[in-house]
Amino acid sequence: MGRVFVAGSINMDVVATADRHPKVGETVAGQAVHYFPGGKGANQAVAAAKLGAPSTLIGRLGADAFGQQLRQFLSAQGVDLALVKDTANVHTGTAVITIADADNTIVVVPGANALVSAGDVTAPVLAKGDVAVSQFEIPQTTIIAFFKRARAAGATTILNPAPATVCSHELLDLVDILVLNETELGLLAQIELHDTDDPICFVEAARRLPTGLDKTICVTLGKRGVLALVGGEPSLISGRAVKAVDTTGAGDCFVGALAAQLANGKAIHDALEYANAAASICVQRMGAAPSMPTAAEVTAVLRS
Ligand code: RIB
């Protein structure tokens with residue numbers, strides 16, 4: 001079995017729930033405040049670990065109380081933290097999240113995540129069959145260095161270009177599988193997209209990406225499921241009808257599950273079905289990293 005290596009962010013998510021989101025300049029009364037482990041990198045590493053893949057996280061924490069709590073939590077989920085450094089004079093990444101009607105708004109303050117460097121990704125020794133995963137809450141120069149090493153070792157690279165940011169051609173060239181939502185696709189394809197658009201719009205936008213047809217492109221469409229282009233051929237995996245309470249981390253769950261399945265030697269379409277089912281479980285729970293499902297839970301959903 002291959003292993004999953006995630007170079008990415010680790011955040012404490014400070015979550016306030018309310019009946020509705022405030023307008024700009026407005027204050028609304030909230031219901032509750034929670035402190036949930038999160039950060040896109042940590043969420044993806046937890047998802048992969050809980051689904052049975054050996055999962056190593058490469059990242060940074062501040063030398064503070066949030067850092068200690070996150071280290072304890074991640075270790076308890078089975079994530080290998082040997083390459084997570086405590087960093088002096090900087091705070092642990094923190095996301096301030098508001099949830100109302102299952103939808104969220106997020107402000108991320110990167111803290112130590114901004115210091116994850118190209119030097120940090122030189123330690124892991126990747127091999128053929130491994131899967132290297134990253135996202136945009138750490139510097140792109142670091143991701144480039146990481147993916148160059150992964151490619152040289154014959155590992156598969158997965159990029160989740162979130163939050164939406166312009167991506168260099170050098171980085172895109174190093175990617176085997178791109179997993180993105182409609183906002184991120186719109187930015188990279190330079191086209192305006194909405195989550196209500198017909199799937200054909202996403203196919204056309206994906207074909208405009210400067211990536212070439214050798215890459216697999218997965219567009220996550222929330223409750224509508226996932227649109228995948230494999231070798232340029234589109235297919236739609238329908239979303240599962242569930243009652244979402246918090247969609248935070250659902251995309252990360254999808255990415256981590258996909259990586260775990262590919263590391264386990266599964267074919268891409270089977271891996272996508274599995275990841276889609278995993279994400280449908282995640283949205284039914286509060287919090288990001290604590291919502292990641294186990295393999296037994298995903299299997300039960302796929303059998304139902
Ligand atoms: O993708 C969800 C994550 O984005 C949250 O856990 C939050 O930390 C932000 O990074």
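Residues numbered from 1 in each chain as written. Predicted model: local features only at pLDDT ≥ 70, side-chain atom pairs only at ≥ 80, totals over all residues. Heavy atoms only, no water.

## Things to note about the packing of aromatic side chains
Stage number 1. Summed over the entire model, instances satisfying the criterion amount to two aromatic pairs.
Stage number 2. Aromatic side chains Tyr-35 and Phe-66 sit 6.2 Å apart centroid to centroid with 50 degrees between the ring planes, which places their arrangement in the tilted category. Here the residue Tyr-35 occupies a position in strand β3 (residues 30-38), and Phe-66 occupies one in helix α2 (residues 65-76), the gap between them amounting to 31 residues. (Phe/Tyr/Trp six-rings, centres within 6.5 Å; stacked < 30°, edge-to-face > 60°. Helix = DSSP H or I, 4+ residues; strand = E, 2+ residues; numbered from the N terminus.)

## A word on the packing of helix α8 (residues 268-282) against helix α9 (residues 295-303)
Stage number 1. At a minimum axis distance of 9 Å, the contact between α8 and α9 shows a crossing angle of 105 degrees. One element, α8, and the other, α9, form an angle in the roughly perpendicular class. Along the contact surface, α8 presents Glu-273, Tyr-274, Ala-277, Ala-278, Ser-280 and Ile-281, while α9 presents Ala-295, Glu-297, Val-298, Val-301 and Leu-302.
Stage number 2. Here the contact of α8 with α9 is composed, by residue class, of eight nonpolar, one polar and two charged. (Axes fitted to C-alpha atoms, helices over the stretch in contact; angles between N-to-C directions. Parallel < 35°, antiparallel > 145°, perpendicular 65-115°, else oblique. Contact = heavy atoms within 4.5 Å. Nonpolar A, V, L, I, M, F, W, Y, C, P; charged D, E, K, R; others polar.)

## Overview of the nonpolar core
Stage number 1. Ranked by internal contacts, the top residues of the largest apolar core, which has 51 residues, are Leu-57, Ile-158, Phe-254 and Leu-258.
Stage number 2. Sorting elements by how many residues they give to this core places α8 first, with 10 residues.
Stage number 3. Discounting chain neighbours no more than four positions away, the residues touching Ile-158 are Val-131, Ala-132, Val-133, Ser-134, Phe-147, Ile-177, Val-179, Val-255, Leu-258, Ala-259 and Leu-262.
Stage number 4. Counting residues in hydrophobic clusters, the runner-up holds 37 residues, among them Phe-146, Leu-185, Val-203 and Val-219. (Core = buried A, V, L, I, M, F, W, Y, C linked by side-chain atoms within 4.5 Å. Buried < 20%, exposed > 50% of the residue type's maximum accessible area, 1.4 Å probe, protein only.)

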